[in-house]
Each structure stands twice: as structure tokens, then as C-alpha cells.
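Breakdown of the fold
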There are 2 protein chains.
Amino acid sequence: MQQIQAIKPTGPAKTSAKRDAILEAAVELFLEVGYGAASINTLIAHVGGSKATVYAHFENKERLFEAVVDEVLSEVSTAMSGIDLAGFGLRDGLQYVGEHLLHLVTSKRHIDLARLVIAEAQRFPEIGRIYYDHGPALAYKGLSVFLLEHSNGEGSFRVTDEDTAAAWFASMLIHRSFLERLCIGTEPPSSRQIEVKVEAVVTAFLDMYRLRATMKSEGGYPCD
Amino acid sequence: MQQIQAIKPTGPAKTSAKRDAILEAAVELFLEVGYGAASINTLIAHVGGSKATVYAHFENKERLFEAVVDEVLSEVSTAMSGIDLAGFGLRDGLQYVGEHLLHLVTSKRHIDLARLVIAEAQRFPEIGRIYYDHGPALAYKGLSVFLLEHSNGEGSFRVTDEDTAAAWFASMLIHRSFLERLCIGTEPPSSRQIEVKVEAVVTAFLDMYRLRATMKSEGGYPCD
DNA sequence: AATGTACTGTAACATGCGGTACAGTTCAAC
DNA sequence: GTTGAACTGTACCGCATGTTACAGTACATT
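What counts, and where the lines are drawn
Residues numbered from 1 in each chain as written. Chains lettered and ligands numbered in written order. Predicted model: local features only at pLDDT ≥ 70, side-chain atom pairs only at ≥ 80, totals over all residues. Heavy atoms only, no water. Helix = DSSP H or I, 4+ residues; strand = E, 2+ residues; numbered from the N terminus. Buried < 20%, exposed > 50% of the residue type's maximum accessible area, 1.4 Å probe, protein only. Contact = heavy atoms within 4.5 Å. Areas by Shrake-Rupley, 256 points an atom, 1.4 Å probe, with all protein chains shown as cover. Expected span 1.5 Å × (residues − 1). Axes fitted to C-alpha atoms, helices over the stretch in contact; angles between N-to-C directions. Nonpolar A, V, L, I, M, F, W, Y, C, P; charged D, E, K, R; others polar. Salt bridge = Lys/Arg side-chain N within 4 Å of Asp/Glu carboxyl O. Buried area = accessible area lost by both parts, 1.4 Å probe.

Observations regarding the overall build of chain A
Helix and strand counts for chain A come out as 11 helices and 0 strands. Taken from the N to the C terminus, the helices and strands of chain A come in the order α-α-α-α-α-α-α-α-α-α-α. By residue count, 49% of the 224 residues in chain A fall in the buried class. For chain A, restricting intrachain contacts to residue pairs at least 6 apart in sequence, the fraction spanning at least 24 positions comes to 71%. Element-wise, carbon and sulfur atoms account for 52% of the exposed surface of chain A, whose accessible area totals about 10,800 Å².

Printed below as a string of C-alpha cells:
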């Protein structure tokens, strides 16, 4: 008779305005201070209400954490898969996707997410996997398809290993800014800076592959 | 009269075999589980002895952490600055430095260090800065100097923005493996895989800049 | 033999943690 | 007006944390 709550934990598990509020606050908190340093007390201090309510909606701190990562990840991957390259020419498409990519990657939301994921990828291997699949891998794949589609069309662009090519393009674009932002707190680049950076990478990238088609008869860059 | 230990904390602060043992064990522990999850109790369980000894040599958990990061960082940056490119031609030099770089970056030691640094760079901004300066920035600089030295010599290689070129080379080489290893626990590449990967990147990179010198009259890739 | 230093073992401290219990409140639906 | 579900506030549990205190041991130097 006693411990009714232990059997039926007082609350719903699915939709709820309160649940959303808690989740939202948890997102901010986890992204800011990380998993270990984020306490449930601090959470309710921000969102208001009571610990019991939190535990009515989320079984664990771990489950709450998973929900947080899912939430932010869906934001990011939605933004990423929302990039539509249909109708773009090769150069314009690369410029377009490049600007979006660099903007997204260096955004505060994504940097905080990446930090969180990298920090906890050992303890929660799932979230590392999910992040990689729904983030970088997704971007690589989209780029790779686009490159393949334009492999014979314009200019003298031809690519044999489109996956590697996509990774190179993204890496040239992203790597330095990403790491700088993760390690030292560099500010995200402005729209103008992004534009210029992408232009340089696109030009260099196209030159790289244009040359291969014109100067060498066959074969791509052997990689994997 | 009482609290003598509080004034003079019983032990030495500099050289000591015990201190080294503690530091070594702390390195392993912090690298494995991160700052928050590493407790002093776990530490002494691995190294033996007593908590008091730890606190005789290190004022804080934070100070101990800083010592750990310094230690591992010096290992890494020693390995990095130990790469001597004198006497190498352009292509061979890039191949050589590329192989070392990729090997170093994907090594367990460095990946664990990077994870730790990225995870704590918010709470300890210093270590993020130190890592970046003694790691990536140092590598970029070395590469950049090497590229500039060979900018007019062999082939038709010419570079106007050697810093950007160095970053691009390193990024193409590193980014994907680095991120994969951080997020999903990909195994480090074998020596053979490294060799092949670097060859591909070197060829593509040289083609990229060779083209610029032959097809365009002036100017590099505008970037920053 | 005496001294002083490095170290050990154990216990304690204050604090904060995740998580639970429970009584009380709000409020919409019937 | 009654019911019942969602929520709040507070107090609590057990436990682990960083850190300190302190009494005792090992040992090299004088």
C-alpha cells in the first residue's frame, strides 16, 4: 500500500508543457557546464518547481541527458539536412553548402554539443555514434552525392572517390575553425568571413580536381 | 603551534620519486576517465600510499590536473617538434611530416589528451590555450615554414598564403580520422593505411598548388 | 643514539550529489 | 462538488567527494 509512487510514478511520461520546460532548461545547463557538473538542483533552480517533477518525467539523470542530446542533435541535423542543393551548379552549390556548413559547425549550439559529446563519448558510447552519424557523416554523404552528380558535367571536374573528396572539402573548410573554437574560445566567424573562407576553399578544391581530369588520364587519389 | 602541517605541508614540492609515481598514475587516470570522474581515492588505489602524500605534493586536485596536462602535453609537443624536415624535398618532406602527424594525432595518448582538453577547456581556459599553442599551432607553423621554403623551388609549386596552405594540408590529413576517433572509438590507422592516406593527400595538395602557379598569373586563394 | 623528513593509515569533516517519500496544492473534467 | 492527476516544497537517505588532522612508521643523516 505504501510506496504507491514507486510503482506508478505520479506523472505522465510523454507530452507535457512542464516536461518541455524541464528539457529546455536541461539543454541549456548540460551544454554549458557538461554532464558531471550539471546537478538536478541547479536544474530546478533554473526551471523552477521541484525535483520530484523532474523525476516524474525522466527516470534518471542519464535518461535526461540522453533526451538532451537527442533534442540538440535533432536541431542540428534538421538544419543540416535542410540544405537543399537541387538546381545548383557545381561551384554555386559548393559555395552554398560550404557557407551553411561552416556557419552551422561554428555555431554556439553545435560547439557546445560537440564538446559535450566528445567529453562523454567514452562513458556513453551511443551518443558519440549518434552524433557522428547524424552530424558529420550526414554532411559528408550529402556532399558526396552532390559531387558525384556533378562529376562529369561542368568544367573538367571529375571525381573517382567522392567520399574522400567530400571529406577533404569539409575538412579544409571546417577543421581549423572548429578546433580553435573548441580549444580557445574563438568567436564564430562573421557572415562575411565565412563567405570569403568558403570562396577560397571552393576555388582551391575545384582546381585540385580539375587538374586531375586534365593532366592525368585515369585514376583518382588512392586513399582507403 | 598546532597545525604545523597547515603551514608547512610536511613534504617537498619539487623532485621526488613518489611525486613522479603519483603524477604518472594521475596521468593514466585523468586521461582515462576525465577530470570529474577521477577521484583522489581511485588515484591512491592505483598508486598505493596515502591521500596525505598526494596532498603533500600537490596543493589541489586542480593543480594536480594542471600538472597532468603539462606532462602529457610536453610529451606530445616534444614528439611534434622532434620532426626534422631539413634536407627533405617538397614531396618527400610532406610525406614524411604527414605520416608523423597522422600517427601522432591518432595515437591513444593524443586522443585522450584532446578529449580531456576539449571537455575542460571551458572550466580551465588556460589548458585549452596551452594545448592549442603547443599542439596544432606548432604543427601548422612548422608546416608553414617548410612550405614557404619550397615555394619557388621544385616543380611549379608556389604558395602565397602559406599559413592557410599548411592548415589545409593538415586538415585534409587529420580531420576525419581525428573526429572519428574522438566520437566513435575507431581504431588508429595502421602504418600502411597512414602511408596510403598521406600519399593521396600529398598528391592532391601538390596538384592543387601546382595548378594555381601554372594556370593563373598572380595571387593566391584569398582567405583571411 | 638522536633527529628530522618523507611517507602511511585511518579517521574525520563538511558538502554536495542522485534519488525518494510524503503531505499539500492547483485545477480541469466530470 | 467531488475526483484525480499534475505539480510543488521540504525533508530526508545513503553515499562519494575533496580536504585536513593526527598518530605512527621507515629511514637516511648527523
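Some remarks on helix α5 (residues 61-81) of chain A
Residues and elements named next belong to chain A. For α5, which comprises 21 residues, the first-to-last C-alpha distance of 30 Å matches the rise-based estimate of 30 Å (1.5 Å per residue) to within 8%. Every buried residue of α5 is accounted for by Leu64, Phe65, Ala67, Val68, Val69, Val72, Leu73, Val76, Ser77 and Met80. Next to the buried residues of α5 lie α2 (17-33), α3 (40-47), α6 (90-106), α7 (108-120), α8 (125-134) and α9 (136-149).

Comments concerning the packing of α8(A) against helix α10 (residues 162-183) of chain B
α10(B) packs onto α8(A) with a crossing angle of 145° between their chain directions and a minimal axis gap of 8 Å. Two secondary-structure elements touch here, α8(A) through Gly128(A), Arg129(A), Tyr131(A) and Tyr132(A) and α10(B) through Arg176(B), Leu179(B), Glu180(B) and Cys183(B). Here the contact of α8(A) with α10(B) is composed, by residue class, of 4 nonpolar, 1 polar and 3 charged.

Remarks on the pattern of salt bridges
All names here are of chain A. Inspection of every chain in the model, using the stated rule, returns 20 salt bridges over all chains. Between arginine 123 and glutamate 120 there is a salt bridge, with its nearest N and O atoms 3.0 Å apart. The exposure class of arginine 123 is partly exposed, given its relative accessible area of 47%. With a relative accessible area of 8%, glutamate 120 lands in the buried category. A single salt-bridge network, built from bridges that share partners, covers Glu28, Glu75 and Arg109.

Quick notes on the interface of chain B and chain A
Each side of the interface is counted separately: chain B has 46 residues, and chain A has 46 residues. In this assembly, chain B packs against chain A so that about 4,300 Å² is buried in total across both faces, 68% of it on carbon and sulfur atoms. When residues of chain B are sorted by the area they lose upon contact with chain A, Ile118(B), His175(B) and Arg176(B) head the list and together hold 15% of the total. A per-element tally of the side of chain B that touches chain A places α10(B) first, with 14 residues.

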